[in-house]
Amino acid sequence: MHRSDSQLDAEQTVTTSAPHVLHLTRGGTSVVLDLDASPGPSIVHWGAALTGSTPATLRGTAIAARAQRVSGGLDATPALSLVPVAADGWFGTPGLEGHRDGNGVSIRLATVDVQAAEHRASIALADAEADLAVRVELRLGPSGLLHQRLTVRNTGTTPYTLQSLLTTFPLPADATEVFDTTGHHLRERAPQRRQLGIGSHVRESRRGRTGADSAILLAAGRPGFGFERGRVHGIHVAWSGNHRVVAERSVTGDALLAGGELLLPGEVVLAPGAAYSSPWVIGSWGDGLTALSHRFHDEWRARPQHPRRPRPVTLNTWEAVYFDHSLERLTALADAAVSVGVERFVLDDGWFEGRRDDTAGLGDWTVDREVWAHGLHPLIDHVRALGMEFGLWVEPEMVNPDSELARRHPDWILRGRMSLPPSGRQQQVLDLSIPDAYAHIAARLHALLDEYPIAYLKWDHNRDLVDAAGGPAGAARVHAHTLAVYRLLDELKAAHPGLEIESCASGGARVDLGILDRTDRVWTSDSLDPLERLENQKHTGLVVPPEMLGMHLTSPVVHSSGRTVSLGLSGAVALFGHFGIEWDLTTVDERKREEIAEWVALAKRLRPLIASGRVVHVDGTEPGIDVRGVVAADTASAVFTVVQTASSAAYPAGRVRMPGLDPARVYRVQVRMRDGEDAGQSPLEWAGAEIVMTGLELAEAGVRPPVQRPQQAMVLEITAAG
Ligand code: GLA
């Protein structure tokens, strides 16, 4: 075995002891690997930074982690290795499975090389009998996120069918409660919890896209962990195709989280010499989900491509006009938009050839001359003359059978048999792994971006992939299609500097850090209902920083739920993200426009704080009240909302806490916006008073919220005094 000890010694953040233990530490996190564990390298600690450890104590920690032999068991109990495999006597979910035409199922990996530098390690494993080489890459990000990726190479002379490859993260023994998200269209990322007993909790997406029901985070922690407290570890798979995450506890005392791409039968067959790399699987931990989420936010914001300029207040035309496009109607909407302070005007579905409703046209990405006699120029010129940017909706992976594209190239449609897959929204999916199909779609998008000054694409994906294969009796294509989409996004970004892209998929069905590494925001949900959005935004925000979450003011009667809501509620709930409007503003009167303009002005004033601050959620608030906030990174200011989701048990409600500020600092607390002030409701006793409180007083004693009716909201601004 070769170890690069000189490199190890050169870096303060990587220490080896004797040299069988590797210690990576960064961002308040330590990862300790026992390189001599049997049957292979094993993570013996992932979590709190082990300050004060010495090579001797780290070695002690590794040795003390080794499992005893037990009656009725194997003569040596295998450690949970980086890539646990069945032939070593690992009876849990294997990290790697595959075969050579039904044979060659045994895998036992030996360590052949360990490289470590800075905050990374790369461990080469190989099985000379099975002719496989595996590389495990580990990287600790600046905020302490643990990234892991596996690469498998076929070193044999026959094809190797990769069946499953999962990256493994160990859990502490007391992580006995598991948490993840599920959902559906209009209700993405709803949380669920259960006890993690012996066995597995498995969540899969077989939808060919991330999925409205996908687990954005699979976490396990001490029973009762919340946002503010309770040790919790979680993983996210940065991938937009099929994937699987597993939380598992075994009778041998091991517990783990594992994740990776879900491979369809025969989807990855490695030719001799060929390799497959898994998506990056990203692990975070914290005392409470808020701390866990901050590691994701901090690291995502530190990327060079992170959108840094103030997020432009956006008006999206969808719920304002649907398919009813005309230059007159849309210029009037643009005029109304600019009058309330909108900065980006996005023309949604319905502008291209044959697209008068959602049954036809997808695939024909040229402007419909029947509606737009002079192309989109007159509208875009008008929008830009008003000082706004222009954005355009596209759905490049999709095709309606009723389109010129489908009539000319029926062979470009993903299908596994002669008949087409069941349709979704009357549409099918293009196989972008076909070079000609890819080139055609790429050329159409480049042509649009070359002809028009388009600052932003809303990139939609309105159906799940079903029977997604490369033609009748063909091979599965979800993996190849997903990579092609990534390539197309990267290519467009490179060719059109400054272009921003939103990931939308029937709202929030493609929200993951794979797509968000190459796009600028997500359309968080098609539901604009503020009460539904509270839950959705809270749990999408476990991984995604707020400035990447599209949040729009709704029209007073929410289209998706039929609920009537106030502007105050809608505004307060849309404040903690990338703010926008989805509403036909040509129908609102002058007074309402002024109120909307006030919300837009507040969102603009607060957006630097939203885009750099830390989102906090409050545990234990009484049912019927939601309290959340964003605290500035330097803790000099914060904004909180108190939303009455239903009538509260106490009347008036008890005090609500506002955590996350500097405990010792003194702050001024001011009510900024209050729903129902005009409705003659009882005044907030302290609203007009000069209130100063320390961060500790705000976090521990809290403030008495106003008496609010269900569906009313209050915005509080907190600023350091003096
Ligand atoms: C999806 C999106 C909507 C809208 C429509 C257009 O449903 O989520 O926001 O763009 O498609 O067809």
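Chains are numbered independently. Their residues run from 1 in the order of the written sequence. It should be noted that, the model being predicted, local features are given only for residues of pLDDT at least 70 and side-chain atom pairs only at 80 or more, the latter also being counted only at that level, while totals for whole chains, interfaces and linings use all residues. Only hydrogens and water are set aside; all other atoms, that is, all heavy atoms of the structure, feed into the side-chain values.

Colleague: Help me understand the pairing of strand S6 (residues 96-99), please; the structure alone is not making it clear to me.
Modeller: The alternating pattern of S6 places Leu96 and Gly98 on a buried face, while none of Glu97 and His99, on the opposite face, is buried. Where S6 and strand S11 (residues 160-165) come together, four bridges link them in antiparallel fashion. Each residue of the ladder has a partner; that of Leu96, found in S11, is Leu165. Only protein chains enter the area calculation, which uses a 1.4 Å probe; residues under 20% of their type maximum are buried, those over 50% are exposed, and those in between are partly exposed. To qualify as a helix, a DSSP run of H or I must reach at least 4 residues; to qualify as a strand, a run of E must reach at least 2; elements of each kind are numbered from the N terminus. If DSSP finds at least two bridges between two strands, the strands pair.

Colleague: What's the story with helix H3 (residues 289-302) in this structure? I'm lost.
Modeller: Since the α-helix packs 3.6 residues into each turn, any two residues three or four apart lie on the same face. Its 14 residues place the ends of H3 20 Å apart at the C-alpha level, agreeing with the 20 Å of an ideal helix rising 1.5 Å per residue. A large share of H3 lies buried, amounting to eleven of its 14 residues. Along H3, the residues that are buried comprise Leu289, Thr290, Leu292, Ser293, His294, Arg295, Phe296, His297, Glu299, Trp300 and Arg301. Here the expected length of a helix is defined as 1.5 Å per residue gap, with one fewer gap than residues.

Colleague: Explain the environment of Asp626 here, please?
Modeller: Tracing the chain through its elements places Asp626 in strand S34 (residues 625-631). Accessibility expressed as a relative area gives 10% for Asp626, which makes it buried. Between the C-alpha atoms of Asp626 and His184, which are 442 residues apart in sequence, the distance is 22 Å. Those residues in contact with Asp626, other than ones at most four positions away along the chain, are Leu534, Thr641, Val642, Val643 and Thr645. A polar atom in the side chain of Asp626 sits 2.9 Å from the side chain of Arg628. Any two residues whose heavy atoms approach within 4.5 Å are treated as being in contact. Pairs of N or O atoms are called polar contacts if they sit within 3.5 Å, as long as, within protein, a hydrogen donor faces a hydrogen acceptor (for residues adjacent in sequence, only side-chain-to-side-chain pairs).

Colleague: When you look at the packing of helix H8 (residues 435-451) against helix H9 (residues 478-495) in this model, what are you seeing that I'm missing?
Modeller: Helix packing for two helices is described by the angle between their axes and how far apart those axes are. Under this scheme, a helix contributes an axis fitted over its contacting stretch, all axes are lines through C-alpha atoms, and angles between N-to-C directions fall in the 0 to 180 degree range. Between H8 and H9, the shortest axis-to-axis distance is 11 Å and the interhelical angle comes to 30 degrees. One finds that H8 runs roughly parallel with respect to H9. Crossing of H8 over H9 shows right-handed handedness. Note on element contacts: H9 touches H8 through Ala484, Arg487, Leu488, Glu491, Leu492 and Ala495, opposite Tyr438, Ile441, Ala442, Leu445, His446 and Leu449. Residues are sorted three ways: Asp, Glu, Lys and Arg are charged, Ala, Val, Leu, Ile, Met, Phe, Trp, Tyr, Cys and Pro are nonpolar, and all the rest, Gly among them, are polar. Taken together, the residues of the contact of H8 with H9 sort by class into nine nonpolar, one polar and two charged. In these notes the angle categories are as follows: under 35 degrees is roughly parallel, over 145 is roughly antiparallel, 65 to 115 is roughly perpendicular, and the rest is oblique. Should the near helix be turned anticlockwise from the far one by less than a right angle, the crossing is termed left-handed; should it be turned clockwise, right-handed.

Colleague: Help me understand the confidence of the model for the protein chain, please; the structure alone is not making it clear to me.
Modeller: Atom-level detail of predicted coordinates should not be read off regions where pLDDT is low. Every residue gets a pLDDT, meaning the predictor's confidence in that residue, from 0 to 100. Mean pLDDT for the protein chain: 96, with 97% of residues reaching 70 or above. Confidence drops under a pLDDT of 50 for residues 1-18, and excluding neighbours within four residues, the segment shows 46 contacts in the predicted structure.

Colleague: Honestly, the site of the ligand in this entry has me stumped. Any pointers?
Modeller: Throughout this document, a residue counts as near a molecule or strand when at least one of its heavy atoms sits within 4 Å of that molecule or strand. Neighbouring residues of the ligand: 13 residues in total, closest Asp348, Asp349, Arg425, Lys458 and Asp526. A distance of 3.1 Å is found between an oxygen atom of the ligand and a side-chain nitrogen or oxygen belonging to Asn462. With respect to the ligand, the backbone of Gly507 contributes an N or O atom lying 2.9 Å from an oxygen atom. Notes on the ligand: free accessible area 310 Å², of which the protein chains cover 96%. Class assignment of the residues belonging to the shell around the ligand gives a composition of four nonpolar, three polar and six charged. Residue burial considers only the protein chains on display, and all accessible areas are found by Shrake-Rupley using a 1.4 Å probe.

Colleague: What's the story with the packing of aromatic side chains in this structure? I'm lost.
Modeller: Given two aromatic rings, one states the distance between the centres and the angle between the planes to describe the pair. The rule is short: rings of Phe, Tyr and Trp, with Trp giving its six-membered ring, pair when the centres are within 6.5 Å, and they are stacked under 30 degrees, edge-to-face over 60, tilted in between. What the rule picks out here adds up to ten aromatic pairs. Arranged with centres 6.3 Å apart and planes meeting at 70 degrees, the rings of Phe179 and Phe225 form a pair that is edge-to-face. Taken together, the positions of Phe179 in strand S13 (residues 177-184) and Phe225 in the loop between strand S16 (218-221) and strand S17 (231-237) put the pair 46 residues apart, joining distant regions of the chain. Grouping residues by exposure puts Phe179 and Phe225 together as buried. Here Trp351 and Phe352 contribute two aromatic rings whose centre-to-centre distance is 5.1 Å and whose plane-to-plane angle is 75 degrees, an arrangement assigned as edge-to-face. Site record: aromatic cluster; members linked through ring pairs are Trp351, Phe352, Trp365 and Trp393.

Colleague: Could you clarify how one ought to interpret the sheet that holds strand S15 (residues 199-205) in this entry?
Modeller: The pairing of strands in a sheet comes from backbone hydrogen bonds and takes either a parallel or an antiparallel form. Pairing is antiparallel in the open sheet, where four strands are placed in the order S12-S19-S18-S15. On the outer flanks of this sheet lie strand S12 (167-170) and S15, each paired with one strand and no other. Adjacent strand axes in the sheet meet at a mean angle of 15 degrees, parallel and antiparallel pairs treated alike. Summarising the sheet, S15 and strand S18 (residues 243-249) pair through seven bridges and their orientation is antiparallel. Counted as the bridge partner of Glu204 is Arg244 from S18.

Colleague: In this structure, what is going on with a negative patch on the surface? I would like to understand it.
Modeller: A cluster of acidic residues, Asp589, Glu590, Glu594 and Glu598, forms a negative patch at the surface. Glu590 sits in the exposed class, given a relative accessible area of 53%. Excluding any residue in a salt bridge, patches collect residues exceeding 30% relative accessible area, merging like charges within 9 Å and nonpolar Val, Leu, Ile, Met, Phe, Trp and Tyr side chains within 5 Å. In the sections that follow, a salt bridge refers to a side-chain nitrogen of Lys or Arg positioned within 4 Å of a carboxyl oxygen of Asp or Glu. Within this scheme the basic residues Lys and Arg register as positive and the acidic residues Asp and Glu register as negative, but His and the chain ends are omitted. By convention, the charge on Lys lies at NZ, on Arg at CZ, on Asp at CG and on Glu at CD.

Colleague: Sorry, what's going on with the sheet that holds strand S31 (residues 549-554) here?
Modeller: Taken in spatial order, the eight strands line up as S23-S24-S25-S28-S29-S30-S31-S32 and close into a barrel, and their pairing is parallel. The sheet shows a mean angle of 30 degrees between the axes of neighbouring strands, direction not considered. The pairing of strand S30 (residues 521-523) with S31 spans two bridges and is classified as parallel. Bridge assignment links Trp523 to a residue of S31, and that residue is Gly550. The sheet strands contacting helix H5 (residues 327-339) are strand S23 (314-316) and strand S24 (344-347), and the helix crosses S24 at an angle near 155 degrees. Helix-sheet contacts for H9 involve strand S28 (456-459) and strand S29 (500-503), and the interaxial angle to S28 is about 170 degrees.

Colleague: Any chance you could explain the packing of helix H10 (residues 530-540) against helix H11 (residues 567-574) here in plain terms?
Modeller: Relative to each other, H10 and H11 sit at 15 degrees, their axes nearing to 10 Å. Relative to H11, H10 is oriented roughly parallel. At the point where H10 passes H11, the crossing takes the left-handed sense. Across from Pro530, Leu531, Arg533, Leu534 and Gln537 in H10, the residues of H11 making contact are Leu569, Ser570 and Val573. For the contact of H10 with H11, the residue count by class is five nonpolar, two polar and one charged.

Colleague: Sorry if this is basic, but what is going on with the nonpolar core here?
Modeller: For soluble globular proteins, the rule of thumb is that nonpolar side chains tend to be buried together. Membership of the largest hydrophobic core comes to 172 residues, with the highest contact counts inside it found for Leu96, Phe345, Trp351, Ile581 and Ile596. For this core, the element with the most residues is helix H12 (residues 590-612), which contributes eight residues. Aside from chain neighbours lying at most four places away, what touches Ile596 is Val340, Leu553, Leu567, Ile581, Trp583, Leu585 and Val588. Here the nonpolar core consists of buried residues drawn from Ala, Val, Leu, Ile, Met, Phe, Trp, Tyr and Cys, with membership extended through side-chain atoms lying within 4.5 Å. If you look at the next biggest cluster of nonpolar residues, it comprises 24 residues, including Val618, Phe640, Val656 and Met714.

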